[in-house]
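The chain contents come next:
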Amino acid sequence: ILISFLDFLFRTLYHRFMFRYKQKRIKLYIALLLSGMLLLGMTGCKPLPVQVSATGFYFDTFISVTIYDAENEERGNELSEGCMSLAEHYENLYSKSIPTSDISRINAHPGEYVTVDPDTITLLQTACEYASLSDGAIDPSIGAVSSLWDFHETTDPAIPPDDVLSEALTHVDYRKISIKDQQVMLTEKGMALDLGFIAKGYIADRIKEYLSGEGVKSAIISLGGNILAIGEKPDGSPFHVGIQKPFSDTGTALLTIEDSDRSVVSSGNYERYFEVDGVLYHHILSTENGYPVNSGLSQVTILSDDSVTGDALSTLCFILGYEKATTLLEKYPDVQAIFVLDDGSVVSYNY
């Protein structure tokens, strides 16, 4: 790049001045100028930033972090490994399938206070706030119901009996989660926590917080359907984020949006589902009847400043349906939304 630039500068100066001065003087002047610039370049230029990526499998999904402005490859690898360590740390706090996680220990000891990590307290309090906002349409104690469904089993999927779902629903009530200092208790036997509607957003925010604290100004964090940008590309242009087309091959974009320092979170009925007798059953469950929500939507994408907001609102807006969702979003003037209806049509809100 430096050689090309110097060649360009030489030719420009030469042709500009050749008619005003003698050729020998011009060549001497340019030679001195280029020598000085070359000396400065050798002694004062900083190395260009490098791009480093890392991937992992946590929270039952692939995650990736791409840092665009690492000082060097070694530093970039150090930071990306730090991101994966954070992902593992939070999986060990919030996973329902890890017996030693905070969530598993709380679920295993109803009626008892369990001491947990401060981040678990913060996330649970945030989840309960959204549960209160939605009058329980989303609820961190949905675990009693969600545990009855297996959306990974597609060869012989089972639909829980109505009476079993009805009994499980009696244990879904965020108001029966007691938080005291650094301890959490489920006050009723049969209750269980499931933070799937909000955990990835919270974790994405913590990874961004870590990278920003380390001086990173350009990066993309991806946790499944959660995308979080730090700043812009190094050249100042926005990132381009593809919105997954429902029920299409992974990576098929319905549309592409520009993103600078914001979160993009999508929730939909195409992510984890199975079909029985032509009926689609997906993982976003109703706290009213325990069955997958039928709201007339296939997908909701939320653009917001932080990912925890996007994660919670994308699920809540999907549950509410388009009309009720847009009424809710009036309370969030800085949030934008893109809705995909069941018929495939796309409607935007404040976007």
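Residues numbered from 1 in each chain as written. Predicted model: local features only at pLDDT ≥ 70, side-chain atom pairs only at ≥ 80, totals over all residues. Heavy atoms only, no water.

Caption draft 1: Representation of the pairing of strand E2 (residues 61–70) in the model. Of the pairings in the sheet, the one linking strand E1 (residues 50–58) to E2 comprises eight bridges and is antiparallel in character. Note that in E2 the partner of Phe57 across the bridge is Phe62. The hairpin formed by E1 and E2 contains two residues between the paired strands, and Phe59 there has a positive phi angle of roughly 55°. Taken together, the five bridges between E2 and strand E6 (residues 218–223) define a ladder with antiparallel strand orientation. Within E6, the position partnered with Ser64 by the bridge is Ser222. (Pairing = 2+ DSSP bridges. Helix = DSSP H or I, 4+ residues; strand = E, 2+ residues; numbered from the N terminus.)

Caption draft 2: Structural view of helix H8 (residues 199–213). Between the first and last C-alpha of H8 there are 21 Å, a value that for 15 residues agrees with the 21 Å anticipated at 1.5 Å per step. For H8, a buried count of eleven out of 15 residues is recorded, marking the element as mostly surrounded by other parts of the structure. Within H8, burial applies to Ala199, Lys200, Gly201, Tyr202, Ile203, Ala204, Asp205, Arg206, Ile207, Lys208 and Leu211. At its buried positions, H8 is contacted by E2, helix H3 (73–94), helix H5 (118–133), E6, strand E7 (226–231) and helix H9 (307–320). One or two positions beyond H8, positive phi appears at Gly215, with a value near 90°. (Expected span 1.5 Å × (residues − 1). Buried < 20%, exposed > 50% of the residue type's maximum accessible area, 1.4 Å probe, protein only. Contact = heavy atoms within 4.5 Å.)

Caption draft 3: Representation of the pairing of strand E4 (residues 177–180) within the structure. As defined by bridge partners, E4 adjoins strand E5 (residues 183–186) across four bridges and the pair is classed as antiparallel. In the sheet register, Lys180 faces E5, and the bridge partner there is Gln183. Between E4 and the antiparallel strand that follows it, E5, lie two residues; Asp181 among them carries a positive phi value of about 55°.

Caption draft 4: Main features of the pattern of salt bridges. A complete count under the given rule lists nine salt bridges for this structure. With its nearest N and O atoms 3.0 Å apart, the salt bridge here joins Lys96 to Asp194. Of this pair, Lys96 sits in the loop between H3 and helix H4 (102–108) while Asp194 is found in the loop between E5 and H8, placing the two residues 98 residues apart along the sequence. We classify Lys96 as partly exposed; its relative accessible area is 44%. (Salt bridge = Lys/Arg side-chain N within 4 Å of Asp/Glu carboxyl O.)

Purely geometric stuff here, so don't read any function into it on its own.
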